[in-house]
Each structure stands twice: as structure tokens, then as C-alpha cells.
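Structure assessment
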Amino acid sequence: MRIILLGAPGAGKGTQAQFLMKKFGIPQISTGDMLRAAIKAGTEMGLAAKQVMDAGKLVSDDIIIGLVKERIAQEDCANGFLLDGFPRTIPQADAMKEAGVKVDHCIEFDVPDDVIVDRMGGRRVHPASGRVYHVVYNPPKNEGKDDDTGEDLIVRDDDKEATVRDRLAIYHDQTKPLVNYYQTAATEGLCEYHKLDGTKSVDVVSAELEQIVS
Ligand code: AP5
Ligand code: ZN
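Conventions we followed
- Residues numbered from 1 in each chain as written.
- Chains lettered and ligands numbered in written order.
- Predicted model: local features only at pLDDT ≥ 70, side-chain atom pairs only at ≥ 80, totals over all residues.
- Axes fitted to C-alpha atoms, helices over the stretch in contact; angles between N-to-C directions.
- Helix = DSSP H or I, 4+ residues; strand = E, 2+ residues; numbered from the N terminus.
- Parallel < 35°, antiparallel > 145°, perpendicular 65-115°, else oblique.
- Left-handed = near helix turned anticlockwise from the far one by under 90°.
- Contact = placed C-beta atoms within 7 Å.
- Nonpolar A, V, L, I, M, F, W, Y, C, P; charged D, E, K, R; others polar.
- UniProt positions renumbered as here; feature names shortened; annotations may be inferred.
- Pairing = 2+ DSSP bridges.
- Near = placed C-beta within 6 Å.

Moving on, we come to the packing of helix α2 (residues 31–41) against helix α3 (residues 44–54). At a minimum axis separation of 7 Å, α2 and α3 run at an interaxial angle of 120°. By the angle between their axes, α2 is oblique relative to α3. Considering only the axes of α2 and α3, their crossing is left-handed. Contacts between α2 and α3 involve L35, A38, I39 and A41 on the former and, on the latter, M45, G46, A49, K50 and M53. Partitioned by chemical class, the residues of the contact of α2 with α3 number seven nonpolar, one polar and one charged.

What follows is about the UniProt feature "domain: Adenylate kinase active site lid" (unreviewed entry) in the protein chain. What UniProt calls "domain: Adenylate kinase active site lid" (unreviewed entry) maps, in this numbering, to residues 123–158. The span residues 123–158 is 0% helical and 22% strand by assignment, and the distance between its end C-alpha atoms comes to 11 Å.

Turning our eyes to something else, we now look at the sheet that holds strand β3 (residues 81–84). Spatial ordering of the open sheet is given by β2-β3-β1-β4-β7, a layout of five strands whose pairing is parallel. The two strands at the open ends of the sheet, each matched to only one other strand, are β2 (28–30) and β7 (192–197). Here the average twist between neighbouring strands, direction ignored, is 20°. Helix α1 (residues 13–24) contacts β1 (2–7), β2, β3 and β4 (105–110) of the sheet and is inclined by roughly 170° relative to β3. Across the sheet, helix α8 (residues 177–187) lies against β1, β4 and β7, angled at about 135° from β7, the strand it touches most.

Quick look at the site of ligand 1 now. Neighbouring ligand 1 are 36 residues; P9, G14, G32, G85 and R123 lie closest to it. Contributions of two or more residues to the shell around ligand 1 are made by α1, α2, α3, β6 (131–134) and α9 (202–213). By residue class, the composition of the shell around ligand 1 is 14 nonpolar, 14 polar and eight charged.

Right under this line is the structure:
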């Protein structure tokens, strides 16, 4: 099963990718997590990406397309994958098409900007696994600690309100056109398109996703 999770920053892509990965055993490919891993490893690409990400801008298509192509060629992706945060521009979507990567479901999470700003203020993440929490809406069992490992949770560098607003503006400008792109692909029979109300609770959204994917 090949799935694209499409939605604004903070719409719940990472949260639901973790649910789907556990439930169906499909690997999560989060370009954001891959970039944050490169930053942590101190690679040249990571250092360049950090400045762009902290400013709430997009990393260049060439770098991202290269990262994803390399990742989906790996063995664990043979039976499918969840794309979280990719594609995010029309050239990225075109590159996938040109590479012959077929998609079964494109799933859009619809969440208004104000809800997103509220969510980002309370987000906490476990960088090593990509697990995502919220201090109110999805709290960890022990405050500030990851449920599985007990390791510390952190606040992402790009979750400051001003940066979130910049990321939202870029989403509307560069990523939202993909809604039309994949809706058109669906009318051509190339994939299924689903739009979910991402303001519902984490569990309700998970249940709706389970219905779509099973
Ligand atoms: P990336 O890491 O992909 O960030 P993003 O797309 O901005 O999305 P987020 O991770 O912020 O949100 P999410 O939808 O995963 O929400 P989450 O589940 O965490 O990218 C970061 C940066 O990397 C980009 O800005 C860019 O610079 C670069 N980059 C990455 N990919 C790129 C690409 N393809 N091209 C170019 N540049 C790229 O949830 C958010 C919060 O809400 C959490 O606290 C969560 O617990 C809570 N929550 C989730 N669901 C619910 C719910 N239903 N109800 C209440 N709370 C909820
Ligand atoms: Zn995410």
C-alpha cells in the first residue's frame, strides 16, 4: 500500500503515520524526520537544511527528491510506504510520477490555520522514533518522556508561532496546489483521493484512516 499523507504543518500527518505504521506495518517516510536526522548527524546537507527549516522555508526540490528516491528503493519499502510531508511541491509530485512511483491513496487532512497554531504550541516530539505528542491533546504517560523508551521529549526548533505562520503561508502557496493535482489524478483513475476532517480527535481520525486503508 502506497499512501501520501497531505496536509498543513501540524495537521496530524506524523501522528497518524505512526498509527498506520504500527497497525499495518508500512514504513513511514517523513522527509522532515530525515532532514532532522541529517542535522543531528552534522552532515553538510543537514547544516544547510537547518537554516532553511528554522526559517520555515522549503528545502530544495533536488535534495528532497534525491532523499526520497534513495529511501523508497530500500527493501522495507517493497510492499509500500507512507509518505509524510512529501511531495510538497508540484515538481516533487512530478518527479515521483516520472520515476513511475504509483500511489494507492492520497489522504488530505483538513485543519484550519488557527487550530494548527494552537496545536504547535503544545507539540513535543521524540526525535529518535518520530513519535509525536501534545501536552493537552495527546499527552505522554509520563510528562516530558517518550512512552516506549522513557527518553526526553523535545520542542521542535520550528514550532515558534512566527515560524509556524511562515510555514502555513508556504503551505498555502506551494503545497495546497497538490490537492488539485491528486484530485485530478483520482478522476483519471490513478489513485484514490480522501479528504478527512483533521480537527476531530486523534482516535477518530485514526479510525477513519483504518477504514480507508483496510
Ligand atoms: P515536516 O517535519 O514535514 O513538518 P510539517 O509538514 O510542517 O508537518 P509537521 O511535522 O509540523 O506536522 P504534522 O502534520 O506531522 O503534525 P503532527 O502529527 O506532528 O517538515 C519540517 C521542515 O522540513 C519543513 O518546514 C521544510 O523546511 C523541510 N521539509 C520537509 N519535507 C520537505 C519537502 N518535501 N520539501 C521541502 N522541504 C521539506 O501533529 C502536530 C501536533 O498536533 C502534535 O502535538 C500532535 O500531538 C497534535 N495532534 C495531531 N493530531 C491531532 C488531533 N487530531 N487533535 C488534536 N491534536 C492533534
Ligand atoms: Zn510531521
